[in-house]
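Below, each chain spelled out in residue letters.
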Amino acid sequence: MYTVRGTGVAGREWPQSHRSHLELAIAPSAVRTARQWTADQLACARSPRSTDLIDSAVLAVSELVTNAIAAVGQAQAAAARQAAAARLAAGTLLPLGEVSAATARTGSGLPPSVGRVTLVISVLDDAVRIEVHDSSCVPLPPMCHRDSDDEHGRGLTVVAALAASWGWRPDSFGKVVWCELVS
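1. Regarding the nonpolar core
Ranked by internal contacts, the top residues of the largest apolar core, which has 37 residues, are Leu119, Ile121 and Ile130. Broken down by secondary-structure element, the contributors of at least two residues to this core are strand 2 (19-24), helix 1 (29-43), helix 2 (51-90), strand 3 (117-123), strand 4 (127-134), helix 4 (155-162), strand 5 (165-171) and strand 6 (174-182). Ranked by residue count, the leading element in this core is helix 2, at 11 residues. Residues in contact with Leu119, not counting those within four places in the same chain, are Ser20, His21, Leu22, Leu24, Ala34, Trp37, Thr38, Val61, Ile130, Glu131 and Val132.

Next comes the structure, spelled out in structure tokens:
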């Protein structure tokens with residue numbers, strides 16, 4: 001496990017009874033779905049969370065899910081290019097109409113099972129753990145300073161500012177990026 005900033009919370013057991021998950025589409029619209037679902041989960045928890053904690057969790061989810069969808073989308077595009085190159089080399093390219101139909105269905109020309117993003121929320125009395133599982137095996141890029149006019153690259157900095165601890169680890173399907181917010 002790769003922990004960026006730790007408080008000792010990362011090693012605790014997270015009970016299954018307080019854990020919910022949501023499978024997300026590999027589409028920008030999934031970020032809105034993830035934010036709303038997170039707010040609902042925390043507002044309806046056995047002991048509802050403060051609005052400040054809910055707002056922080058929603059922002060962290062927005063950043064982590066956006067990154068995961070981008071990573072999986074890039075992996076899907078790379079796999080589609082590789083598959084097209086293999087078909088070209090074998091002389092078995094699909095007719096243009098079939099390629100366009102496959103791309104319209106999945107966004108990449110690949111079956112939907114190639115990409116996966118799952119959001120998991122675990123709630124304890126004093127903390128909320130957010131995990132985003134994705135099927136991209138590409139590790140997180142190192143955090144670095146961003147200029148004020150950069151359009152991308154601040155998401156993990158935002159998560160680090162909100163969370164008591166956060167990190168990532170590889171798993172059997174890709175990677176998990178997580179953060180823990182304390183009440």
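Moving on, there is more to tell.
2. Quick word on the environment of Leu64
As for its placement among the helices and strands, Leu64 is situated in helix 2. By relative accessible area, which is 3% here, Leu64 ends up buried. A sequence separation of 113 residues divides Leu64 from Val177, and the C-alpha atoms of the two residues are 7.3 Å apart. Not counting chain neighbours up to four residues away, the residues in contact with Leu64 comprise Ile130, Val132, Leu156, Val159, Val177 and Cys179.

3. Topic: the environment of Ser165
Summarising the element assignment, Ser165 is placed in strand 5. Looking at Ser165, the relative accessible area reads 0%, which means it is buried. Along the sequence, Ser165 and Arg129 sit 36 residues apart, while their C-alpha atoms lie 9.5 Å from each other.

4. Looking at the pattern of salt bridges
If charged atoms from side chains of opposite charge come close, those side chains can pair. This structure, assessed with the given rule, holds four salt bridges. Here Arg19 makes a salt bridge to Glu131, at a shortest N to O gap of 3.7 Å. Remark: Glu131 occurs in strand 4 and Arg19 occurs in strand 2; sequence separation between them is 112 residues. Residue class for Arg19 comes out partly exposed when judged on its relative accessible area of 30%. Between Arg129 and Glu131 there is a salt bridge whose closest N-O contact spans 2.8 Å. There is no split in this pair, since Arg129 and Glu131 are both buried. Through salt bridges that share partners, Arg19, Arg129, Glu131 and Glu180 make up one connected network.

5. Quick look at the pairing of strand 4
Burial within strand 4 is extensive, with eight of its eight residues counted as buried. The alternating pattern of strand 4 places Ala127, Arg129, Glu131 and His133 on one face and Val128, Ile130, Val132 and Asp134 on the opposite face, and all of these are buried. In this antiparallel pair of consecutive strands, strand 3 and strand 4, the connection spans three residues. In terms of strand pairing, strand 4 meets strand 6 through eight bridges, oriented antiparallel. When the sheet's bridge partners are listed, Val132 is paired in strand 6 with Val177.

6. Focus: helix 4
Of all the residues in helix 4, the buried ones are Gly155, Leu156, Val159 and Ala160. Relative to the axis of helix 4, the buried residues are bounded by an arc of 135° and lie together on one face.

7. A few points about helix 1
The terminal C-alpha atoms of helix 1 lie 22 Å apart, and with 15 residues this matches the ideal 21 Å at 1.5 Å per residue to within 8%. Residues of helix 1 that are buried include every one of Ala30, Val31, Ala34, Trp37, Thr38, Ala39 and Leu42, and no others.

8. With respect to the side chain of Ser136
Mapped onto the secondary structure, Ser136 falls in the loop between strand 4 and helix 4. You can call Ser136 buried: its relative accessible area is 1%. Apart from the residues within four sequence positions on either side, Ser136 is in contact with Ala71, Val72, Gly174 and Lys175.

9. Observations regarding the confidence of the model for the chain
Chain-level pLDDT for the chain is 78 on average; 69% of the residues reach the 70-or-more range. Least confident of the elements in the chain is helix 3 (residues 96-106), whose mean pLDDT is 45; most confident is helix 1, at 96. This stretch, residues 6-11, has a pLDDT under 50; its non-local contacts, to residues over four places away or in other chains, come to nine contacts. Counting contacts from residues 97-113, a segment whose pLDDT is below 50, to residues more than four positions away or on other chains yields 13 contacts.

The rules behind these values
Residues numbered from 1 in each chain as written. Predicted model: local features only at pLDDT ≥ 70, side-chain atom pairs only at ≥ 80, totals over all residues. Heavy atoms only, no water. Core = buried A, V, L, I, M, F, W, Y, C linked by side-chain atoms within 4.5 Å. Buried < 20%, exposed > 50% of the residue type's maximum accessible area, 1.4 Å probe, protein only. Helix = DSSP H or I, 4+ residues; strand = E, 2+ residues; numbered from the N terminus. Contact = heavy atoms within 4.5 Å. Salt bridge = Lys/Arg side-chain N within 4 Å of Asp/Glu carboxyl O. Pairing = 2+ DSSP bridges. Arc of directions from axis to C-beta. Expected span 1.5 Å × (residues − 1). pLDDT = per-residue confidence, 0-100.

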